[in-house]
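A structural walkthrough
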Amino acid sequence: MRTLFARTAQTTARRAVATTSIRSKHTVPDLDYDYNELEPVISAKIMQLHHDKHHATYVANLNAAEEKLHEAQAKGDVAAQVALQPAINFNGGGH
């Protein structure tokens, strides 16, 4: 009986370690080219606006939604987890 208890405790501990993860924040990746390299098809101003503003907003909102999701998971708040899915999908798709 004691051995069974010890094995169960070890298995539970391993599962806890396996399901615990370190969450890293998403970042806006650097471009492999200068903003003006797509001219005249796409202007440098549009590229900079898209990369530095639009893309950055998607990333910031995705990070915020994932942080809220992590908090909801820690609390066991399933309704909040479900409610956050559209924001994660939208901003993750924009990223």
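Residues numbered from 1 in each chain as written. Predicted model: local features only at pLDDT ≥ 70, side-chain atom pairs only at ≥ 80, totals over all residues. Heavy atoms only, no water.

With an omega dihedral of 5 degrees, the bond running from Glu39 to Pro40 counts as a cis peptide bond. Looking at the secondary structure, you find Pro40 in the loop between helix 1 (2-19) and helix 2 (44-75). (Helix = DSSP H or I, 4+ residues; strand = E, 2+ residues; numbered from the N terminus.)

Attention now goes to the packing of helix 2 against helix 3 (residues 78-94). Contact geometry of helix 2 with helix 3 gives a least axis separation of 8 Å together with a crossing angle of 155 degrees. Relative to helix 3, the element helix 2 is oriented roughly antiparallel. In terms of crossing hand, the pair formed by helix 2 and helix 3 is left-handed. For the pair helix 2 and helix 3, the contacting residues are His55, Tyr58, Asn61, Leu62, Ala65, Lys68, Leu69, Ala72 and Gln73 in the first and Ala80, Gln81, Leu84, Gln85, Ala87, Ile88, Phe90, Asn91, Gly92 and Gly94 in the second. Here the residues of the contact of helix 2 with helix 3 sort into ten nonpolar, eight polar and one charged. (Axes fitted to C-alpha atoms, helices over the stretch in contact; angles between N-to-C directions. Parallel < 35°, antiparallel > 145°, perpendicular 65-115°, else oblique. Left-handed = near helix turned anticlockwise from the far one by under 90°. Contact = heavy atoms within 4.5 Å. Nonpolar A, V, L, I, M, F, W, Y, C, P; charged D, E, K, R; others polar.)

Residues Tyr33, Leu38, Val41, Ile42, Ile46 and Leu49 make up a contiguous nonpolar surface patch of about 510 Å² in total accessible area. With respect to the secondary-structure elements, Tyr33 resides in the loop between helix 1 and helix 2. The partly exposed category is assigned to Tyr33, whose relative accessible area is 33%. (Patch = residues over 30% accessible without salt bridge, like charges linked within 9 Å, V, L, I, M, F, W, Y side chains within 5 Å. Areas by Shrake-Rupley, 256 points an atom, 1.4 Å probe, with all protein chains shown as cover. Salt bridge = Lys/Arg side-chain N within 4 Å of Asp/Glu carboxyl O. Buried < 20%, exposed > 50% of the residue type's maximum accessible area, 1.4 Å probe, protein only.)

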